[in-house]
Amino acid sequence: MAAGTLLPCPNCQSTAVYSVKFTWWGGVLGPKMLNHTQCTNCNTTYNGKTGKSNTQGIVVYSLVIFAVVFLLYFLFFGGLT
Ligand SMILES: [Zn+2]
């Protein structure tokens, strides 16, 4: 009934799962956006809302972050020497 209830692990069906608060690929914002959830039983990570893998979301998220950083870099240090 509680809001934000997470789906059980898609790999082992365990309900001993938790929301990931921080990841190397997304900081604190990425896992929040993707409802990134990890199973304490088998360490599978997935989307706690849809029960699907977050791999595609992580790739897209990483590419967007990379593009933004790349753009900012050229805005501030652009090749107009
Ligand atoms: Zn599991």
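Residues numbered from 1 in each chain as written. Predicted model: local features only at pLDDT ≥ 70, side-chain atom pairs only at ≥ 80, totals over all residues. Heavy atoms only, no water.

Draft legend 1. Structural context of the coordination of the zinc ion. Within the first shell, the zinc ion binds the protein through C9 (SG), C12 (SG), C39 (SG) and C42 (SG), at distances of 2.3 Å. Metal-centred angles of 106 to 117° between the four donor atoms at the zinc ion mark the site as tetrahedral. Taken in chain order, the donor set of the zinc ion reads C-x2-C-x26-C-x2-C. Of this pair, C12 sits in the segment before strand 1 (17–19) while C42 sits in the loop between strand 2 (36–39) and strand 3 (45–47), and the two are 30 residues apart along the sequence. For C12, a relative accessible area of 29% puts it in the partly exposed group. Residue class for C42 comes out partly exposed when judged on its relative accessible area of 28%. (Donors = N, O, S within 2.8 Å, 3.2 Å for Na, K, Ca; no water. Tetrahedral: all angles 85-135°; square planar, octahedral: opposite > 155°, others 65-115°. Helix = DSSP H or I, 4+ residues; strand = E, 2+ residues; numbered from the N terminus. Buried < 20%, exposed > 50% of the residue type's maximum accessible area, 1.4 Å probe, protein only.)

Note that all results are geometric; they support no functional claim without further evidence.
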